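Per-entry structural report
Letter by letter, the chains look like this.
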Amino acid sequence: MSSVAAGRPGRANEDFGGAVPTAAVLIDGAGIPGGEATCRHGVAWYANRLGGGLLSLLSRERDHSLPALLARAVELVTDDHRDTCDVASPLSPSAAVALLRLSGGRADHLVLGDATVLLDRTAGPPLAVTDPREVVISRSYLPALEAAAGDADAYRRILGDLRANRNRPGGFWVAKDDPRAAEEAITGTCPVADLTGAALLSNGASRIVDRFQLTGWPGVLAILSSHGPADVIHRVRRAEARHAVAADDATIVHCTGLGDA
């Protein structure tokens, strides 16, 4: 079960969420205002192309590691617009990625960028797998971004400086045009029998825990089980309105019945 909600009505949703019987994919696309000049397709196109490519690869190539499949998917989508767009530009689309795959009694996961894989374990508390590197680096830029909120040129310049930290040692890593970034993903595996379920969340959805602290990860799993992903996102939207925080695209892919795959 999945739920995808655009940050603002009438605006293209730049997230992607999807699943096949043995795998789930979440893509959280990212761009910079003015990026249309470097990529005529846009962030939503990139997220959907990357997500669809990953689902296809996960269905067909089960012997390859998740980083290898992500690298191949990045290579394919980059080739799709290399001749029409400036794929290497700091302004061109990029994305955070979360993956889950069931194979041979194992559950493999991958996180690249500020997405979350949430594992509902049969014993012990849930495990939230995140990649903190972008959050840590972004923190130092937040005061300047907030101060420049009314100046589009200054905001774009500061955001460009932040994004210049992407896919470089000491910075943070995302899916963009270089397939080698997949080697920096956070990965793990566990027996499927150790899980009762899992969820993939974009950072717009994980706000329920990490920004607004409305509940913890056990609470998120309880809401997902009782009311579904849309209710989690609804609670995030109410908190955004209450705190006057700009809404972000929010996506959750909720995976149950893992032992049946």
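Below or above, wherever it landed, is the structure these notes cover. Just so it is clear, the model here is predicted, and its values are computed rather than measured.

1. A short note on the overall build of the chain
Across its full length, the chain carries eight helices and ten strands. Expected size for 261 residues packed as a compact globule is a radius of gyration near 18 Å; at 18 Å, the chain falls within 12% of this value. In terms of principal-axis extent, the alpha carbons of the chain reach across some 50 × 45 × 35 Å. For the chain, with 261 residues in total, the buried portion stands at 51%. Across the chain, the fraction of contacts at a sequence separation of at least 24, relative to all contacts at a separation of at least 6, is 71%. Summed over all atoms, the accessible surface of the chain reaches about 11,800 Å², with 50% contributed by carbon and sulfur. Computing the positive centroid from 26 side-chain charges and the negative centroid from 31, the chain places the two 2 Å apart.

2. What to know about helix H2 (residues 66-81)
Counted at 1.5 Å a residue, the expected span for H2 with its 16 residues is 22 Å, and the 23 Å between its end C-alpha atoms agrees. Of the residues making up H2, those classed as buried are Leu66, Leu69, Leu70, Ala71, Ala73, Val74, Val77, Thr78 and His81. Its buried side turned inward, H2 meets helix H1 (43-60), strand S4 (94-103) and strand S5 (106-112).

What counts and how
- Residues numbered from 1 in each chain as written.
- Predicted model: local features only at pLDDT ≥ 70, side-chain atom pairs only at ≥ 80, totals over all residues.
- Heavy atoms only, no water.
- Helix = DSSP H or I, 4+ residues; strand = E, 2+ residues; numbered from the N terminus.
- Rg over C-alpha atoms; globule rule 2.2 N^0.38 Å.
- Buried < 20%, exposed > 50% of the residue type's maximum accessible area, 1.4 Å probe, protein only.
- Contact = heavy atoms within 4.5 Å.
- Areas by Shrake-Rupley, 256 points an atom, 1.4 Å probe, with all protein chains shown as cover.
- Lys, Arg positive; Asp, Glu negative; His and termini not counted.
- Charge placed at Lys NZ, Arg CZ, Asp CG, Glu CD.
- Expected span 1.5 Å × (residues − 1).

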